Amino acid sequence: MSEFIKAAKSLEKVLIAERRDFHRHPEVGYNEIRTSGIVAQLLDELGMQVQDGVGKTGVVGLLSGQHAGPTVLLRFDMDALPIQEENDVEYVSQNNGVMHACGHDGHVAIGMCVARMLAAHSDNLKGSIKFVFQPAEEGGAGAAAMIRDGVLLDPTPDYVYGMHLWNERPVGWVGATDGNMMAGSCSWQCTIVGNGGHAAAPQHTNDPAVAAAQIVMGLQTVVSRNLPPADAVVVSVTQIHCGDTHNVIPNEASLAGTLRYFSASAYETVTNSVTRIAEDIASAMGCSANVSFSTGYRPVSNNLDAARLVREQAQYVPEVNIVSNEERTAVSEDFSEFMVDIPGCYFFVGSSNSERGLAYPHHHPKFDIDEQSLTIGAAMMAGIASQHVL
Ligand SMILES: [Zn+2]
Ligand SMILES: [Zn+2]
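Residues numbered from 1 in each chain as written. Chains lettered and ligands numbered in written order. Predicted model: local features only at pLDDT ≥ 70, side-chain atom pairs only at ≥ 80, totals over all residues. Heavy atoms only, no water.

**Here we look at the layout of surface pockets**
Consideration 1: In this structure, the largest pocket occupies an estimated 490 Å³ of space.
Consideration 2: For the largest pocket, the lining is made up of 22 residues, of which Glu 137, Glu 138, Val 331, Ser 332 and His 363 are closest to its centre.
Consideration 3: Looking at side-chain class alone, the lining of the largest pocket contains 6 nonpolar, 11 polar and 5 charged residues.
Consideration 4: In this structure, the second largest pocket encloses a volume near 190 Å³.
Consideration 5: Looking at the second largest pocket, the residues that line it are Gln 49, Val 50, Gln 51, Val 54, Val 60, Leu 62, Lys 130, Asp 149, Gly 150, Val 151, Leu 153 and Asp 154.
Consideration 6: Of all elements in the fold, only strand E1 (49-54) and strand E2 (58-64) reach the threshold of two or more residues within the lining of the second largest pocket.
Consideration 7: The leading source of residues in the lining of the second largest pocket is E1, at 4 residues. (1 Å grid on protein atoms, 1.4 Å probe; cavity = no way out; pocket = protein on both sides within 12 Å on 5 of 7 lines; lining within 4 Å. Points joined across faces, edges and corners; volume = space filled by probe spheres on them. Nonpolar A, V, L, I, M, F, W, Y, C, P; charged D, E, K, R; others polar. Helix = DSSP H or I, 4+ residues; strand = E, 2+ residues; numbered from the N terminus.)

**Observations regarding the sheet that holds strand E13 (residues 288-293)**
Consideration 1: A sheet is described by the order of its strands in space; here 4 strands give the open sequence E10-E12-E8-E13, paired in antiparallel fashion. For this open sheet the edge positions go to strand E10 (234-242) and E13, each flanked by a neighbour on one side alone. Each strand axis lies, on average, 20 degrees off the axis of its neighbour in the sheet, ignoring direction.
Consideration 2: Where E10 lies against strand E12 (residues 252-261), 8 bridges are found, and the strand directions are antiparallel. Bridging across to E12, Gln 239 finds its partner in Ala 256.
Consideration 3: Here helix H6 (residues 208-219) sits on the sheet in contact with strand E8 (184-193), E10 and E12, set at roughly 15 degrees to E12.
Consideration 4: Strand contacts of helix H8 (residues 264-284): E8, E10, E12 and E13, with the helix running at about 160 degrees to E13, the strand carrying the most contacts. (Pairing = 2+ DSSP bridges. Axes fitted to C-alpha atoms, helices over the stretch in contact; angles between N-to-C directions. Contact = heavy atoms within 4.5 Å.)

**Comments concerning the coordination of the zinc ion (ligand 2)**
Around a metal, the idealised angle for a tetrahedral arrangement of four donor atoms is 109.5 degrees; for an octahedral arrangement of six donor atoms it is 90 or 180 degrees.
Consideration 1: Bound to the zinc ion (ligand 2) are the protein donor atoms Cys 102 (SG), His 104 (NE2) and His 164 (NE2), situated 2.1 to 2.3 Å from the metal.
Consideration 2: Donor residues for the zinc ion (ligand 2) sit on one chain with the sequence pattern C-x1-H-x59-H.
Consideration 3: A separation of 3.1 Å is found between the zinc ion (ligand 2) and the zinc ion (ligand 1), which share Cys 102 as a coordinating residue. Within this pair, whereas Cys 102 is found in the loop between strand E3 (67-77) and helix H4 (104-119), its partner His 164 is found in strand E5 (residues 159-170), the two being separated by 62 residues in sequence. One exposure class covers both Cys 102 and His 164, and it is buried. (Donors = N, O, S within 2.8 Å, 3.2 Å for Na, K, Ca; no water. Buried < 20%, exposed > 50% of the residue type's maximum accessible area, 1.4 Å probe, protein only.)

**Focus on the coordination of the zinc ion (ligand 1)**
Consideration 1: Taken together, the protein donors to the zinc ion (ligand 1) comprise Cys 102 (SG), Glu 138 (OE), Glu 138 (OE) and His 363 (NE2), at separations of 2.0 to 2.7 Å.
Consideration 2: What the 4 donor atoms of the zinc ion (ligand 1) show is an angle range of 52 to 148 degrees at the metal, which sorts the shape as irregular.
Consideration 3: You can call Cys 102 buried: its relative accessible area is 8%. (Tetrahedral: all angles 85-135°; square planar, octahedral: opposite > 155°, others 65-115°.)

**Quick notes on the pairing of strand E4 (residues 126-134)**
Consideration 1: When you tally the buried positions in E4, you get 8 out of 9 residues, the bulk of the element.
Consideration 2: Both E2 and E4 contribute to a ladder of 6 bridges, which runs antiparallel. Directly across from Gly 61, in E4, lies its bridge partner Phe 131.
Consideration 3: The pairing of E3 with E4 spans 8 bridges and is classified as parallel. In the sheet register, Thr 71 faces E4, and the bridge partner there is Ser 128.

**With respect to the packing of H4 against helix H10 (residues 372-389)**
Consideration 1: Where H4 meets H10, the axes come as close as 9 Å, and the angle between the chain directions of the two elements is 45 degrees. In terms of axis orientation, H4 runs oblique to H10. The way H4 lies across H10 gives a crossing that is right-handed. In this structure, H4 contributes Gly 106, Ile 110, Cys 113, Val 114, Met 117 and Leu 118 to the contact, and H10 contributes Leu 374, Gly 377, Ala 378, Ala 379, Met 381, Ala 382 and Ala 385.
Consideration 2: For the contact of H4 with H10, the residue count by class is 11 nonpolar, 2 polar and no charged. (Parallel < 35°, antiparallel > 145°, perpendicular 65-115°, else oblique. Left-handed = near helix turned anticlockwise from the far one by under 90°.)

**Some remarks on the domain arrangement of the protein chain**
Consideration 1: The domains assigned to the protein chain are domain 1 (2-181 + 299-389) and domain 2 (184-293).
Consideration 2: For domain 1 versus domain 2, the separation of C-alpha centres amounts to 38 Å.
Consideration 3: On the domain 2 side, the residues contacting the 8 residues of domain 1 number 7 residues.
Consideration 4: Carbon and sulfur atoms supply 62% of the area buried between domain 1 and domain 2, which totals about 560 Å² over both sides. (Domains from an automatic or database assignment. Buried area = accessible area lost by both parts, 1.4 Å probe.)

**Describing the environment of Gly 350**
Consideration 1: Counting through the fold element by element, Gly 350 comes out in strand E16 (residues 344-352).
Consideration 2: Between the C-alpha atoms of Gly 350 and Ala 7, which are 343 residues apart in sequence, the distance is 20 Å.
Consideration 3: Setting aside chain neighbours within four positions, we find Gly 350 in contact with Trp 166, Arg 169, Pro 170, Val 171, Gly 172, Trp 173 and Ser 373.

**Let's talk about the nonpolar core**
Consideration 1: With 66 residues, the main nonpolar core has Leu 74, Val 114, Phe 131 and Phe 347 as its most contacted residues.
Consideration 2: Contact partners of Leu 74, with chain neighbours within four places excluded, come to Val 114, Leu 118, Ile 129, Lys 130, Phe 131, Val 132, Tyr 161, Met 381 and Ala 385.
Consideration 3: Formed by 27 residues, the second largest nonpolar core is a distinct cluster that contains Leu 219, Val 222, Ala 266 and Val 291. (Core = buried A, V, L, I, M, F, W, Y, C linked by side-chain atoms within 4.5 Å.)

Structure representation (structure tokens):
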């Protein structure tokens, strides 16, 4: 590990420069053309077997060792968000309305640094390392797109690792939680069909607006009355649409929102409860409700051995002063797609620094990181992979 800490330090200037370059040129999901082009060129120069266009704009580099051994997949996501940046920095976004407000610019730069560090050891490698640069993590299901294009084949990884720069925690903090770490998510939609008419003659109508309002209140009991108190679940209503004018009771109303959960059983209970409450309240009001759920991201659940390995490696990094096994968030991540059948760990690298004004949350127009987190992340990823193949 110590040599990767040194190597990451010696590459720090390049790492920061590349992160700032990606920050200046953010690209939203499935449009990471410039970003993936830079990545593919580097992986090629490093002598890897490179595949581009994996999951539309994803890039995969395979670093094969001279000796037999396991395959380790390291994943870095590349996409930016449709946000207008409000930072006043020299590396501010040059793409109007697009911003790296989640830290994926740092992830790509870290991935490139790790590729350089591990390629320098290719002669001694026992096994291989698959560098996966993923598009469209922000709700675009880029991981699933890459898997459909075969990223988990030829060779199939034995271990998968991913990381996120994490502004919820200060630089110097690293978190890898045993088991559940990030929630599963899915969006839901509900259409309520009633019978419209004159707003002055409600007796001739079945009002979908009133049914929708009661359903919103009914949904507040999904978590509180249907799930064990220890289950962390969120049901949020984020959209209510109904009617076009003041004197007409409309025929239809629609609701939509999101669910967050940590287990398959909680998911089943929540989806069943939402459906039952919406349908039965609508029916009681003389309306009907149709509820549907979109496929979202599964929970990120870490393998215990892999999470322990990540925490052990973190202990060796001098800049790391807190190593946590406690972090759990209702934010979702499609890294979970890579972990369905393969043991692995997704971990957070603290990246905020409130003294320097670098503590805005992810997806905020003033989001920015303490760049010291970049070398920590790079040393961690290289150190973790080396434990399996060096
Ligand atoms: Zn994000
Ligand atoms: Zn993110």
